[in-house]
Each structure stands twice: as structure tokens, then as C-alpha cells.
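# A look at the structure
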Amino acid sequence: MKEFEPRLVAFVCNWCTYTGADLAGTSRLTMDPNVRIVRLPCTGRIDPLFILKAFERGADGVIVSGCHPGDCHYTAGNMHARRRFAVFQDLLHFAGVDPDRLTFSWVSASEGLKWRDIVNDAVARVRKLGPFQEYQSLSRLDEEFEGEFTSEEPAMAGRQE
Amino acid sequence: MKELQELARTLLSEGQVKVVVGWEDSPGGPRPAFITRPEDAERLVFDHRCVHNLVAYLSPGHVDVARLGKPAVVVKGCDARAAAMLMRESQLSREDVVLIGVRCGGVVRDPREADTLTADSVAPRCPGCDARQPALADHLLGELPPPPPGENRRDKEIARLEAMRPSERWAFWQAELARCVRCNACRQVCPLCYCERCVALKTEPLWIESSAHPRGVMAWHLTRAQHHAGRCSDCGECERACPVSIMLSLLNRKAAQVVEQRFGYVASDDPAAPAPIGAFRTEDTEEFIR
């Protein structure tokens with residue numbers, strides 16, 4: 001059997017973490033290639049539903065990262081996000097999601113090294129936990145469909161895959 | 001009860017309000033009543049079977065009630081917290097409503113199941129309640145009854161769940177949520193679910209599937225709990241309205257605990273107290289952030 005390769009989604013803010021991740025790249029830092037980055041204007045723009053959607057679509061782990069407190073391009077977006085995610089990660093934990101699948105971090109534009117460590121650490125933790133079968137099995141009902149889709153008749157309108 | 005009927009009659013005949021929203025007796029236990037004529041005020045009742053949170057009728061969506069004119073609403077302590085939250089969120093002006101507070105000794109979980117208030121029949125939120133005399137009310141009626149019977153089983157249940165491994169908790173919630181039929185009763189009955197367009201109705205993009213598929217069910221209940229964190233008045237209406245008895249108040253209560261531990265906020269009936277979400281303090285806890 002093929003070895004498990006975790007899939008992680010990172011929701012990052014445009015001004016700090018995305019630039020930090022860019023710095024990590026231009027600095028030729030080597031890191032685990034398991035993270036797909038989604039760039040957003042601000043952590044304040046990240047709805048908790050993004051995290052749920054990522055899990056629904058097969059992510060094994062999620063990273064949310066933005067500017068350090070006080071550094072927000074929009075003054076206080078990250079402070080609002082901090083409260084929101086403080087509650088949401090506690091709720092997810094209460095619902096039975098292992099906290100190791102979620103990573104929250106502050107990574108500034110100059111912290112390429114920190115971003116590398118965050119990514120490697122998050123991937124390692126998720127790799128240890130294995131695929132997020134619990135959440136992915138919620139989606140399995142759809143996948144039981146074994147017919148063929150024709151181009152004229154999208155049998156599952158709304159699905160974007 | 002006489003006091004309540006008397007007050008309603010006065011308010012209506014003096015024209016202070018156009019409608020009194022309270023409870024009246026019906027075969028299935030007390031039900032919401034909309035009294036518009038002074039002579040009908042004698043229909044009003046209040047006792048431990050009056051479970052509904054009538055503040056739901058003050059929610060912006062209820063144009064049918066708003067059309068009747070200025071309302072007076074009978075509120076228990078927990079209901080008053082919902083009214084305060086509507087005021088805090090600028091959905092209701094204090095002067096647009098007369099709140100008739102009733103001193104409360106707890107209500108039953110379901111009046112169709114139990115007539116008397118015992119440690120078994122009491123609603124889960126009632127034991128240990130500290131809001132039995134709504135301070136927000138314009139009129140406060142009745143004698144303060146003895147505190148609700150029974151013990152706080154809900155916090156015990158939360159502690160039991162938290163002692164489990166994540167996978168066990170996951171299994172517990174999946175078994176609980178598997179019954180959900182996505183009837184949206186929990187949303188309709190909630191005084192604080194007043195969004196004109198609920199995120200659960202949005203289809204482009206489809207954030208939360210609207211069928212009773214486990215994926216959408218999970219997303220809905222987590223989102224609902226998140227959206228009510230720091231807002232929920234803990235009136236227990238969602239759990240009561242749920243046709244398949246999902247323990248929704250466990251999620252609500254958990255969110256309230258988190259908000260209290262992290263931000264020191266407790267739901268109250270003081271509209272001037274700021275809400276915790278949508279605000280922040282620079283020294284907020286961030287132990288979960290790397």
C-alpha cells in the first residue's frame with residue numbers, strides 16, 4: 001500500500017504569512033510539500049466554515065496563519081480572528097476533532113524560517129494521526145455512486161470537482 | 001396569575017401596548033397567546049409549564065407580530081437575556097417593547113410529558129439558574145418561587161465528554177447528529193437567529209448542504225454553535241423544538257463555558273454589557289496559537 005501522504009490546507013493572510021511563505025520559497029528553504037496555500041486578505045476574512053469545507057473536501061489538517069498581534073494591515077482583523085478561532089477550535093475539539101489537525105500561528109513577512117517549521121511540524125503531527133477518516137467518511141455517501149457523468153447532464157450540480 | 005391578567009388588561013385598555021404576548025392554556029400545555037383586546041387578558045397564564053421563549057416574536061423576522069403594533073411580552077429570566085441581546089445587536093429598541101417579567105422557579109422540559117416540576121422533569125438549563133428575576137423587565141410579577149429542583153446534569157455531561165478521547169467524542173456526536181433531519185426548527189425557534197439570509201440557505205457557493213447528509217449536519221451544528229457563542233441566552237428553545245431530541249444545549253453550553261473562561265463574559269440581561277464576539281482585548285488568551 002502506498003504510504004500515507006497528508007494533505008493540508010493553509011489559510012493565510014496576504015500581508016504577513018503569504019509573504020513569509022514567499023520568503024521561505026525565495027530563500028530556497030526545503031519543507032514538506034503537503035500544504036496547499038489559500039491566500040486571503042486577512043485572518044479576519046477567514047470564516048470557520050472554510051476549515052469545515054477543507055475537511056469536507058478531504059483535507060487531513062488545516063493551518064490558519066496571519067500577522068502577529070499589532071501588525072495587522074487592517075489594524076485589528078487578526079485580533080477579531082483570534083477570538084473567533086479561540087472559540088471555534090474549542091468547539092471542534094469538543095466535537096471530537098483532534099487538536100493536532102489544526103494549527104494556528106502568527107508568521108510575519110520576515111519569518112520564512114518560522115513558516116518552514118510551522119509547516120513541517122503540522123505535517124508531522126497530521127502524518128502521525130493518519131488520514132482524517134472520520135470526517136472523510138461523512139462524505140462517502142456521494143462517492144458510492146459508481147455510474148458515469150455525462151457532460152449534458154451534471155448529475156451532481158453544485159459539486160465543483 | 002391575576003396580577004399578570006390585571007396588568008395586561010391595564011396596558012391594553014390604556015393603549016400603552018397593542019398586543020400582549022404571553023401564554024394561554026391549551027390541551028397540549030400552555031401555548032403562546034397574542035392578546036389584543038383587554039377582555040381577553042383573562043386567558044393569560046404563567047406557571048412552570050410555560051416553556052417558550054416569547055422574545056422570538058420580537059425578532060426582526062416576525063413581521064406578523066410587528067404589524068399588530070407595540071407589544072408587551074411576558075419574559076422569564078432566560079428570555080430577558082435574549083431580549084437584551086437583541087437590544088445589544090440593535091435589532092430591538094428598549095422603548096419599542098414593554099417587558100413583563102415573571103419570577104420563575106424553573107420550567108419543565110416538555111409540558112406534554114410532565115405536569116409537575118420534579119428533579120426528573122425539570123428542563124436541563126434550570127437547576128442552578130441565577131436569572132430568576134429579570135432585571136431588564138418594566139414590570140416584575142409574582143412571588144419568587146423556590147429554586148428549581150434537581151442538579152446541573154448538563155455541566156456533568158460536558159465534563160464526561162471532555163474526559164473522553166477525541167475519537168470517542170466524535171463517535172458520541174455522530175450518533176447524536178445522525179438523527180438530525182435538518183428541519184431547521186432549532187433555527188426558527190431561536191430569537192437570536194434573525195439573519196435575513198441564513199448561511200445555511202446559501203447555495204452559491206454551497207457552504208452547508210441543506211439535506212440531512214451527515215456532512216451538512218455536522219457543518220450546520222458546528223456553525224450554529226459558533227454563531228451563537230457569546231450570544232446564546234440559554235433559553236433551551238432549540239433543544240425543546242428539536243423533533244429528534246439532539247442535545248443541542250450541550251453545544252451551546254460548551255460555547256458559553258469557553259466564552260466565560262476565555263473572555264470572562266457571561267450572558268446577562270443588561271443590554272449595556274458588551275458582547276464578546278466582535279470585540280477583543282489585546283491580552284486575550286492565545287495559548288493555541290504557535
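Below or above, wherever it landed, is the structure these notes cover. On a predicted model such as this, the values are computed, not experimentally measured, just so you know.

### So, the state of the cysteines
Considering all chains together, one arrives at one disulfide over all chains under this definition. The disulfide bridge from Cys16 of chain A ends at Cys67 of chain A, spanning 2.3 Å between sulfur atoms. The sign of the 100 degrees torsion about the S-S bond sets the Cys16 of chain A-Cys67 of chain A disulfide as right-handed. Taken together, the residues Cys16 of chain A in the loop between β1 (8–13) and α1 (17–26) and Cys67 of chain A in the loop between β3 (61–66) and α3 (77–95) connect sequence positions 51 residues apart. Looking at the unpaired Cys50 of chain B, the closest cysteine sulfur is the one in Cys104 of chain B, lying at 9.4 Å. You can call Cys50 of chain B buried: its relative accessible area is 0%. Of all cysteine sulfurs in the structure, the one in Cys193 of chain B sits closest to Cys190 of chain B, which takes part in no disulfide; the separation is 4.5 Å. Exposure remark for Cys190 of chain B: the relative accessible area of 13% places this residue in the buried category.

### Some words on the interface of chain B and chain A
At the interface, 46 residues of chain B touch 44 residues of chain A. Contact between chain B and chain A buries roughly 4,200 Å² in total, counting both sides, with carbon and sulfur atoms accounting for 65%. The three residues of chain B that bury the most area against chain A are Trp170, Arg215 and Arg290 of chain B, which together make up 21% of that side's buried surface. The tally of links from chain B across to chain A stands at four salt bridges. Asp121 of chain A is the salt-bridge partner of Arg290 of chain B, the closest N and O atoms lying 3.2 Å from each other. Joining chain B to chain A, the criterion identifies 17 residue pairs in polar contact (both at pLDDT 80 or more). Among the elements of the structure, α4 (153–162), α5 (166–177), α7 (214–228) and α9 (248–263) of chain B are those that each provide at least two residues to the side of chain B that touches chain A. Looking at the side of chain B that touches chain A, its residues break down into 27 nonpolar, eight polar and 11 charged.

### Some remarks on the environment of Asp47 of chain A
As for its position among the elements, Asp47 of chain A is in the loop between β2 (35–40) and α2 (48–56). A polar contact is formed between the side chain of Asp47 of chain A and the backbone nitrogen of Leu49 of chain A, at a distance of 2.8 Å.

### Brief notes about the side chain of Asp90 of chain A
Relative to the helices and strands, Asp90 of chain A is located in helix α3. According to the relative accessible area criterion, Asp90 of chain A is buried, its value standing at 17%. Not counting chain neighbours up to four residues away, the residues in contact with Asp90 of chain A comprise Lys254, Val258 and Arg262 of chain B.

### With respect to the packing of aromatic side chains
Residue and element names in this part refer to chain B. Within the structure shown, the criterion is met by 14 aromatic pairs over all chains. Seen from their ring centres, Trp23 and Phe46 are 5.5 Å apart, and the 45 degrees between their planes marks the pair as tilted. Residue Trp23 is found in strand β1 (residues 19–24), and its partner Phe46 is found in the loop between β3 (44–45) and α2 (63–66); the two are separated by 23 residues along the sequence. Ring centres of Phe34 and Tyr57 lie 4.9 Å apart, and the angle between their planes is 85 degrees; this geometry places the pair in the edge-to-face category. Residue Phe34 is found in strand β2 (residues 31–35), and its partner Tyr57 is found in the loop between β3 and α2; the two are separated by 23 residues along the sequence. Looking at Tyr57, the relative accessible area reads 22%, which means it is partly exposed.

Rules behind the numbers
Counting starts from 1 at the beginning of each chain's written sequence and moves along it residue by residue. All chains are assigned letters beginning with A, and all ligands numbers beginning with 1, in the order in which they are written. The predicted origin of the model limits local features to residues at a pLDDT of at least 70 and limits the giving and counting of side-chain atom pairs to 80 or more, whereas totals for whole chains, interfaces and linings rest on all residues. Hydrogens are left out, water is left out, and the side-chain values use all remaining heavy atoms of the structure. The disulfide criterion used throughout: a pair of cysteine sulfur atoms within 2.5 Å. In this text, helices come from DSSP runs of H or I with a minimum length of four residues, and strands from runs of E with a minimum of two, each type numbered from the N-terminal end. Working definition: with a 1.4 Å probe on protein chains only, accessible area under 20% of the residue-type maximum means buried, over 50% means exposed, and in between means partly exposed. Should any heavy atoms of two residues lie within 4.5 Å, those residues are counted as being in contact. Two parts lose some accessible area (1.4 Å probe) when they are put together, and adding that loss for both gives the buried area. The term salt bridge refers to a side-chain nitrogen of Lys or Arg lying within 4 Å of a carboxyl oxygen of Asp or Glu. Pairs of N or O atoms are called polar contacts if they sit within 3.5 Å, as long as, within protein, a hydrogen donor faces a hydrogen acceptor (for residues adjacent in sequence, only side-chain-to-side-chain pairs). For this classification, the nonpolar set comprises Ala, Val, Leu, Ile, Met, Phe, Trp, Tyr, Cys and Pro, the charged set comprises Asp, Glu, Lys and Arg, and every other residue, Gly included, is treated as polar. Stacked, edge-to-face and tilted are the three classes for Phe, Tyr and Trp ring pairs, Trp counted by its six-membered ring, which pair at centre distances within 6.5 Å; planes under 30 degrees apart are stacked, over 60 edge-to-face, the rest tilted.

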